Amino acid sequence: MAYPNQSFNSNQPLANPGWIINPHFCAPYPVDLAIIRKVLTVMNGNFVVTDINSNILFNVKGKVLSMHAHRVLLDGAGNPIVTLKQKMMSAHDRWQVFKGESTDASDLLFSARRSSMFQLKTDVDVFLANNIKEKVWDYKVKGSWSESSCVVYAGESSTIVAQMHDKDTVESILIGKDKFMVTVYPNIDYAFIVALIVILDAINSSGEGGRGWWFDFSGGAD
């Protein structure tokens, strides 16, 4: 499954392509997403995801700091795709992701949590809903968010399924927004990758007092 010496322009598909949220969000080629965070609305967790032509693909709405922290991922037309809900009393900042606007256990798609309680680098474990025992993660996020170097891996392999790279522009600075790019590899559900980014932002906001994209991943058991 792994790409040898993977790079952003790799067109080699995964050996076992699949989808997690919807097959509509899987493409047979790499997809570049622009993640634009609105600084003035960070406390509400709002940001926009566009393609390289600035077409809006997703919006994120929700509150980070509340008794029942949650966010909703919407498509470009404003339709809810998934609801992300923080599991209360979770030592490792576990977030659960459900279909549409549901929060029922039967609609759970996946969950993500910090790998350990104390970390200097990003390390988040992702478990699909059918992975009940969670002895092995289905996806792993590693890297340094502050250095725009986060990478998403498939399982315990070295297969890269998505990777972040910085995209600072004069325009983004002038209008008060943070912007970076995420490349999603072929046949990977890019809505799933966006949902992971939403979770990472939420974990950081709760752990760093809502300072936004600065990810110092500490994480672990529930």
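Presented here is an overview of the structure given in this document. All of these numbers come straight from a predicted model, not from anything done at the bench. (Residues numbered from 1 in each chain as written. Predicted model: local features only at pLDDT ≥ 70, side-chain atom pairs only at ≥ 80, totals over all residues. Heavy atoms only, no water.)

### Describing the pairing of strand β4 (residues 70–75)
Now for step 1: Burial within β4 is extensive, with 5 of its 6 residues counted as buried.
Now for step 2: With 5 bridges connecting them, β4 and strand β5 (residues 80–86) associate as antiparallel partners. Bridge assignment links H70 to a residue of β5, and that residue is K85. (Buried < 20%, exposed > 50% of the residue type's maximum accessible area, 1.4 Å probe, protein only. Helix = DSSP H or I, 4+ residues; strand = E, 2+ residues; numbered from the N terminus. Pairing = 2+ DSSP bridges.)

### Overview of the pairing of strand β6 (residues 95–99)
Now for step 1: Pairing geometry for β5 and β6, over 5 bridges, is antiparallel. Pairing of T83 across the sheet is with F98, part of β6.

### Remarks on the pattern of salt bridges
Now for step 1: Tallying each qualifying case throughout the model produces 4 salt bridges.
Now for step 2: The salt bridge involving D125 is made with K140; its shortest N-O contact spans 2.4 Å. Of the two residues, D125 is situated in strand β8 (residues 122–128) and K140 in strand β9 (residues 139–143); the sequence distance between them amounts to 15 residues. For the pair shown, D125 and K140 are each scored as buried. (Salt bridge = Lys/Arg side-chain N within 4 Å of Asp/Glu carboxyl O.)

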